[in-house]
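Structural description and commentary
The chain contents come next:
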Amino acid sequence: MHRRQFIAAVGAVGTFSAVVPVDSPLAAASNAAAVAAGASLIKGTPVVFAPVADGFTVTVALNAPALVRVEYGETAALGAVARSDSCGFVPHDDVAVKIRLRGLRPGERYHWRVVAGPLSAGARKGAVERTATYVTRTLAPTAGETRFGVWNDTHDRAETIQRLHEGRGEGDDFLLWNGDVSNDVNRREILPGLYVCPKGVDLAEGAPVFFVRGNHDVRGIWANKMTDFVDFPEGRPFYAFRSGPLGVVVLDTGEDKPDAHPSFKGVAAFEDLIREQAVWLGRAIASPELRDAPCRVVFCHIPLRWHKEARPDYARGGYDWVSLRGREAWGGVLRQWGAQVVVSGHTHRAAWLPPSGEWPFGQLVGGGPRLDVATRIRGHATGRELRLVMERVVDGTVLHALSFPSVC
Ligand SMILES: [Fe+2]
């Protein structure tokens, strides 16, 4: 399609999603201070979440009230612009804006940048700020192969995140961040630095991010505000997608103790969420994307298998090393689908549990947040096999190199 035709087509169907209102006295105070100090409108660098075949979401954090748009196109000339949300507003906020580009083509590279202008009376002609121009590729469900990376349990450790970022694969189709990005979230103002612009890295450089919530991402009284910044393909923290021959299921294991545990201060309702995911999963595996996938992987933060599976004593400081709640709800459906491997984190101990007679899927578990025990996983799926290689971040030592022959 000619570029002008393409831009017209995108303009007809391209919209962007919700503006993010974050109404916090603390955030307002820090924004006012930022404006007084002459800080830029845009805070740090943007990030891309939830790529699908026809779109992805750009999130940008802000220091002050701003009107925001995304300029994009198939070449560096850009040419298309997304500047209205689903309710007719120009996206604007004082803390962060999430913009979903829609109507894109599968497996296509898109150049894009964020443009922000001041939002204040009489300031329509104020200085406009632009991010760098990035390139993001949409997912390609019919491609012959796919490559990806997996991080887990970074826990706001800047050095570990920076080393992981340095090692991102050039040709990866996605990065899957497998939970516990945060420690507990009891202050809203820490959210941008956790999920959008961590210190010393530009997450928008490299493949788009699929996010999987860990128990520390759902812990704290303001953990529920994480979705003001992070996006998921279907708006929920559990989802499925296809990238080339790889069928992917993402599940949310919630907390590592029962909802009624007093440390949660009454805000946890993850047992309902686990039950809801069982119903959703039963439908999802019947979709052609999953039903016909040659390679089949599950990502969830808390493992579904572990070496010792005794029920912990929650009243004495015990917590789950394995999500028996999740496995009881989902294990039968995962067996029915033919899941080959579940990839998790949580224990901070790298591990591989091969398939067993009882559980036909293997369990791969990444390492912990400290640089000396941190791991990365590199994945490559073709029509013949899924390969997963786990290596130490600090020196590249390969801990596990696994191959799963395609199932169809
Ligand atoms: Fe963790």
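First, a word on scope: everything that follows refers to the structure included in this document. (Residues numbered from 1 in each chain as written. Predicted model: local features only at pLDDT ≥ 70, side-chain atom pairs only at ≥ 80, totals over all residues. Heavy atoms only, no water.)

1. Quick notes on the packing of aromatic side chains
This structure, assessed with the given rule, holds 16 aromatic pairs. Between Trp151 and Trp177, the aromatic rings sit 5.2 Å apart at their centres with planes inclined by 85°, giving edge-to-face as the arrangement. With a gap of 26 residues between them, Trp151 in strand β10 (residues 146-151) and Trp177 in strand β11 (residues 174-177) connect regions that are remote in the sequence. By the burial criterion, Trp151 is buried, and Trp177 matches it. Taken together, the ring pairs in this structure connect Phe148, Phe174, Phe210, Phe232, Tyr239, Phe241 and Phe299 into an aromatic cluster. (Phe/Tyr/Trp six-rings, centres within 6.5 Å; stacked < 30°, edge-to-face > 60°. Helix = DSSP H or I, 4+ residues; strand = E, 2+ residues; numbered from the N terminus. Buried < 20%, exposed > 50% of the residue type's maximum accessible area, 1.4 Å probe, protein only.)

2. Things to note about the nonpolar core
Phe299 and Leu386 are the most contacted members of the largest nonpolar core, which totals 56 residues. A per-element tally of this core places β11 first, with four residues. The residues that make up this core include at least three from each of domain 1 (3-137) and domain 2 (146-405). Discounting residues that sit within four places of it in the chain, Phe299 has contacts with Phe148, Val150, Leu176, Asn178, Val212, Val248, Val249, Val250, Leu251 and Val343. (Core = buried A, V, L, I, M, F, W, Y, C linked by side-chain atoms within 4.5 Å. Domains from an automatic or database assignment. Contact = heavy atoms within 4.5 Å.)

3. Some thoughts on the environment of Gly367
Assignment of secondary structure puts Gly367 in the loop between β18 (362-365) and β19 (375-381). Discounting residues that sit within four places of it in the chain, Gly367 has contacts with Asn152, Asp153, His348, Arg349, Ala350, Val373 and Thr375.

4. Structural notes on the coordination of the iron ion
On the protein side, the iron ion has Asp153 (OD), His155 (NE2), Asp180 (OD) and His348 (NE2) as donor atoms, found 2.1 to 2.3 Å from it. Around the iron ion sit four donor atoms, and with donor-metal-donor angles ranging over 89 to 174° the site reads as irregular. In the primary structure, the donors to the iron ion are separated according to the pattern D-x1-H-x24-D-x167-H. Of this pair, His155 sits in the loop between β10 and α3 (158-166) while His348 sits in the loop between β16 (341-344) and β17 (351-353); the two residues are 193 residues apart in sequence, bridging distant segments of the chain. Relative accessible area serves as the criterion here: at 9%, His155 is assigned to the buried category. (Donors = N, O, S within 2.8 Å, 3.2 Å for Na, K, Ca; no water. Tetrahedral: all angles 85-135°; square planar, octahedral: opposite > 155°, others 65-115°.)

5. So, the side chain of Ser344
Counting through the fold element by element, Ser344 comes out in strand β16. In this structure, Ser344 is in contact with Asn152, Asn178, Cys300, His301, Ile302, Pro303, Gln363, Leu364, Val365 and Gly366, ignoring residues within four places of it in sequence.

6. Here's the deal with a nonpolar patch on the surface
Together, Leu67, Val90 and Leu119 make up an exposed nonpolar region whose accessible area comes to about 190 Å². The topology assignment puts Leu67 in strand β3 (residues 66-73). (Patch = residues over 30% accessible without salt bridge, like charges linked within 9 Å, V, L, I, M, F, W, Y side chains within 5 Å. Areas by Shrake-Rupley, 256 points an atom, 1.4 Å probe, with all protein chains shown as cover. Salt bridge = Lys/Arg side-chain N within 4 Å of Asp/Glu carboxyl O.)

7. Some words on the pairing of β19
For β19, the tally of buried residues reaches six of seven residues, placing the bulk of the element in the interior. As defined by bridge partners, β10 adjoins β19 across five bridges and the pair is classed as antiparallel. By the bridge assignment, Gly149 is partnered in β19 with Arg378. Of the pairings in the sheet, the one linking β19 to strand β20 (residues 385-392) comprises seven bridges and is antiparallel in character. Counterpart to Arg378 in the pairing with β20 is Val389. (Pairing = 2+ DSSP bridges.)

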